[in-house]
Amino acid sequence: NQPLEPLVPSEAMEWGHAIEVPLLSYTQKRLREFLNEPGLKITRRGTRRTHNNGVMSCTLDAKIEGRDESIEAKTHAVIHGGVDLSEWGDQWTDAVPNSVLDQVLAQQACCPELVRTWVVLWAGRSTPTIYCVERANHLARIALIEETCCNVWETYILPNVPPPMAPHMDTVKRDARPRQSVMAVALQDEPLEQSKSLATQITALTHRKK
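Residues numbered from 1 in each chain as written. Predicted model: local features only at pLDDT ≥ 70, side-chain atom pairs only at ≥ 80, totals over all residues. Heavy atoms only, no water.

J.: What's the story with the overall build of the chain in this structure? I'm lost.
T.: Tallying secondary structure elements over the chain gives six helices and seven strands in all. Counting over 210 residues, the chain shows a buried share of 32%. At a minimum sequence separation of 6, the contacts of the chain that also span at least 24 residues come to 60%. Counting only carbon and sulfur atoms, one obtains 54% of the accessible surface of the chain, whose full area is about 13600 Å². (Helix = DSSP H or I, 4+ residues; strand = E, 2+ residues; numbered from the N terminus. Buried < 20%, exposed > 50% of the residue type's maximum accessible area, 1.4 Å probe, protein only. Contact = heavy atoms within 4.5 Å. Areas by Shrake-Rupley, 256 points an atom, 1.4 Å probe, with all protein chains shown as cover.)

So this is what it looks like as structure tokens:
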């Protein structure tokens, strides 16, 4: 295994971290109203937990004092107006994007005492929206996440074997070049059907990069 270099935070990451404090304060106010508990208090920001399996870990954005509930704060496109909320559903439900749901369920796996997680979303130029993920509704998914993480750890991480679906970073960088220049080369050197296939792959890579 090679040591990892510290991640340099992007502007969006820095803004997200700075906005987290007032966002948690807003969530406390809304939950007091929604749950009719004026004394409810959000505390213990940045709680780090490790799973008993020795593989998984998480950091909770915050917890609710005296309750087995946590808060996950999400900021989305806070520094520009290009917001896509198609994967977010009605507030006070667990209709959140799959990636966010799995993150929350992984946190609940690491913190078996948690019965629910409140997810607060603030998208640029909008009022924050709060969602609720109940542990009891996702027990099978939590078990699958735990099993998958352990399998990946034992199969790929410990023996230092790259997974078959993960290309080398140099390959990703080459494939993620501007679409127009790559397409020009492809159209010159490859048959039409292969070029169409390549165009599809490049489009997918471009979306992933964004």
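J.: Is there a simple way to think about the sheet that holds strand 6 (residues 116-123) in this case?
T.: Hydrogen bonding along the main chain pairs the strands of a sheet, whether they run parallel or antiparallel. Spatially, the five strands line up as an open sheet ordered 1-4-5-6-7, and their pairing is mixed. One side of each edge strand has no neighbouring strand; the edge strands of this open sheet are strand 1 (42-43) and strand 7 (129-134). The pairing of strand 1 with strand 4 (residues 62-64) spans two bridges and is classified as antiparallel. Bridge pairing in strand 4 places Thr43 opposite Lys63. (Pairing = 2+ DSSP bridges.)

J.: Would you mind going over unusual backbone geometry with me for this structure?
T.: One non-glycine residue, Asn36, lies in the positive phi region at around 55 degrees. Inspection of the secondary structure assignment puts Asn36 in the loop between helix 1 (11-34) and strand 1. Judged by its relative accessible area of 65%, Asn36 falls in the exposed class. Positive phi, normally seen in glycine, also occurs at Asn160, with a value near 60 degrees.

J.: How should the packing of helix 2 (residues 98-110) against helix 3 (residues 139-157) be read in this particular structure?
T.: How two helices pack is summed up by the angle between their axes together with the distance between the axes. Viewed as axis vectors pointing N to C, helix 2 and helix 3 meet at an angle of 80 degrees, and their least axial separation amounts to 9 Å. Judged by the angle between their axes, helix 2 and helix 3 are roughly perpendicular. On the side of helix 2, the interface is formed by Asp102, Leu105, Ala106, Gln108 and Ala109, while helix 3 contributes Arg141, Ile142, Ile145 and Glu146. Broken down by class, the residue content of the contact of helix 2 with helix 3 amounts to five nonpolar, one polar and three charged. (Axes fitted to C-alpha atoms, helices over the stretch in contact; angles between N-to-C directions. Parallel < 35°, antiparallel > 145°, perpendicular 65-115°, else oblique. Nonpolar A, V, L, I, M, F, W, Y, C, P; charged D, E, K, R; others polar.)

J.: Mind showing me how you'd approach helix 3 here?
T.: One turn of an α-helix holds 3.6 residues; hence residues three or four places apart share an orientation. With 19 residues, helix 3 ought to run about 27 Å at 1.5 Å a step, and its terminal C-alpha atoms sit 26 Å apart, in line with that. For helix 3, the set of buried residues is Ile142, Ile145 and Cys150. Buried residues of helix 3, seen end-on, are gathered within an arc of 120 degrees and therefore sit on one face of the element. Residues of helix 3 that are exposed and angled more than 90 degrees away from the buried face: Ala140 and Glu154. (Expected span 1.5 Å × (residues − 1). Arc of directions from axis to C-beta.)

J.: So what exactly am I meant to see when it comes to the packing of aromatic side chains here?
T.: Across all of its chains, the model carries four aromatic pairs by this definition. Relative to Trp92, the ring of Phe34 lies with its centre 3.7 Å away and its plane at 5 degrees, an arrangement referred to as stacked. Placement of the pair is Phe34 in helix 1 and Trp92 in the loop between strand 5 (69-76) and helix 2, with a sequence separation of 58 residues. Relative accessible area serves as the criterion here: at 42%, Phe34 is assigned to the partly exposed category. We classify Trp92 as partly exposed; its relative accessible area is 21%. (Phe/Tyr/Trp six-rings, centres within 6.5 Å; stacked < 30°, edge-to-face > 60°.)

Purely spatial values, then, with no claim about function.
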